[in-house]
Amino acid sequence: MAETPTRDELVARAHSLIPLLAANAERTEADRRVADENVAAIEEAGLYGLAVPAKFGGLEASLNTWVDVSATLARGCGSTAWTLSLSVVTTWLLSRFSDEAQNEIFGNGPAVRASGVFTPTGTATRADGGWIVTGRWPWASGIWHAHWAVVAFEVLDESGTATGVSFGILPTTETTVDDTWFVTGMAGSGSATVVAENVFVPDHRVLPVEEVMAGGQAPVGTIYRAPVIAVGSITIAAPQLGIAAAALDHVIDKAPDRGVAYSVYTSQVDSPTVQIGVGDAAATIDAATLVIDGLAREVTAAAEAGRELGVVERTRIRAVTASAVRSSRDAVAALASAHGTSSFAVTSPIQRWWRDAGVVSRHAFFLYETAVEVHGKALLGVENLPSTLI
């Protein structure tokens, strides 16, 4: 049996893909989906198996490793890293379903690509041995290359009344994609709308939302029992860290040969304004990276101890993660200013990183004002929090 690769080895695999992802970044954005070559290379590197249990040949890697790998890939292409992050979180979530479902999904190997949407914009009615599911789920990142779609839907009784919400696992061969993803940032994530029309989903691939959130059948004492929103927000924050790091490297690399317009500085290296901008951005990005790494360790330790995180702890994780994502976005904006107006030339990668970082920071998990409001209310003991994302 081959030895499980270490965290450093997996990050090294991701690092080796940066040139390919960077070379395909413009095409990924123009096509509004990840380039096929990127998907093939990530699969060959085994990275789609990061969260797949070892019993199925997966890597069962640590949460910190997921973050490091995704952040590294984002140095080449933010959209590609984003879809990898979403796939990893979704395959992690699949490990909460029944053994029958896991055997069906992972039985042919760990290179499983998945897309997930938590908003219950579909419905399900009872059928013999399962459910008939119909709905439209927008913003399904990576759906163009996914094998499975995990979607939420309202469960209807015989009178058509909603009695609850469940998650279902649908093979994408039984769904269609409505190409609705036309955006100015993270365009290459291909976050289009997945559509199901009267798709039969057997019972073993359906789980009530309460059971999913509680850990389902995942074993206690493992990362598979950690809170969904905590793991999800930490994981998909990682591309933002890599985007910011790529912008920092680019500005530093170009600074010696760039001057500051209408000033005495023929090299940006000599400009105090650029020096301060670069130093401040570097410190901000380092701080955000350390925060996310620390949160991942915290969540992992609690899961391994079999300790459930309370409401205040979970809202804190969401708020602090949102803060790290926001500060990374601001660092990219500061770097664009330090680099100069040419940052916004269509041929400059900085303008793409700037747009990508802006869109990531507006994801529902990372809306800063909402996140800190919810955390503040939790700290103050307010009941009926105004968000389910905790």
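One structure accompanies this document, and this report is about it.

Cut-off values and rules
Residues numbered from 1 in each chain as written. Predicted model: local features only at pLDDT ≥ 70, side-chain atom pairs only at ≥ 80, totals over all residues. Heavy atoms only, no water. Salt bridge = Lys/Arg side-chain N within 4 Å of Asp/Glu carboxyl O. Helix = DSSP H or I, 4+ residues; strand = E, 2+ residues; numbered from the N terminus. Buried < 20%, exposed > 50% of the residue type's maximum accessible area, 1.4 Å probe, protein only. Pairing = 2+ DSSP bridges. Phe/Tyr/Trp six-rings, centres within 6.5 Å; stacked < 30°, edge-to-face > 60°. Contact = heavy atoms within 4.5 Å.

### Overview of the pattern of salt bridges
Point 1. A full pass over the atoms with the stated rule returns 15 salt bridges.
Point 2. Here Arg32 and Asp179 are joined by a salt bridge, their closest N and O atoms 2.7 Å apart. Taken together, the residues Arg32 in the loop between helix 3 (25-31) and helix 4 (36-44) and Asp179 in the loop between strand 6 (176-178) and strand 7 (192-202) connect sequence positions 147 residues apart.
Point 3. Residue classification places Arg32 among the buried positions, given a relative accessible area of 19%.
Point 4. Here Arg205 and Glu104 are joined by a salt bridge, their closest N and O atoms 3.1 Å apart. Placement of the pair is Arg205 in the loop between strand 7 and strand 8 (206-208) and Glu104 in helix 7 (residues 99-106), with a sequence separation of 101 residues.

### What about the pairing of strand 3 (residues 130-140)?
Residues in a regular strand project their side chains so that they alternate between the two faces of the sheet.
Point 1. Across six bridges, the pairing between strand 2 (residues 122-127) and strand 3 is antiparallel. Looking across to strand 3, one finds that Ala127 is bridged to Gly130.
Point 2. Here strand 2 folds back onto strand 3 in antiparallel fashion, the turn holding two residues, of which Gly129 has a positive phi close to 80°.
Point 3. Bridge count between strand 3 and strand 7: eight bridges; the pairing is antiparallel. Considered in strand 7, the bridge of Ala140 is made with Ala192.

### Overview of the packing of aromatic side chains
Point 1. This structure, assessed with the given rule, holds five aromatic pairs.
Point 2. With 5.4 Å between their ring centres and 40° between their planes, Phe56 and Phe106 make a pair best called tilted. One end of the pair, Phe56, is in the loop between helix 4 and helix 5 (63-74); the other, Phe106, is in helix 7, with 50 residues separating them in the sequence. Neither Phe56 nor Phe106 differs from the other in exposure class; each is buried.
Point 3. Ring plane angle 85° and centroid distance 5.5 Å describe the contact between Phe118 and Phe167, whose orientation is recorded as edge-to-face. In this pair, Phe118 sits in the loop between strand 1 (114-117) and strand 2 while Phe167 sits in strand 5 (residues 162-171), placing the two residues 49 residues apart along the sequence.

### Considering the environment of Ile143
Point 1. The residue Ile143 is located in the loop between strand 3 and strand 4 (148-156) in this model.
Point 2. A relative accessible area of 3% means that Ile143 is categorised as buried.
Point 3. Placed 46 residues apart in sequence, Ile143 and Ser189 show a C-alpha to C-alpha distance of 8.8 Å.
Point 4. With residues near it in sequence (within four places) discarded, Ile143 still touches Ser115, Ala149, Thr172, Val177, Gly190, Ala192 and Val194.

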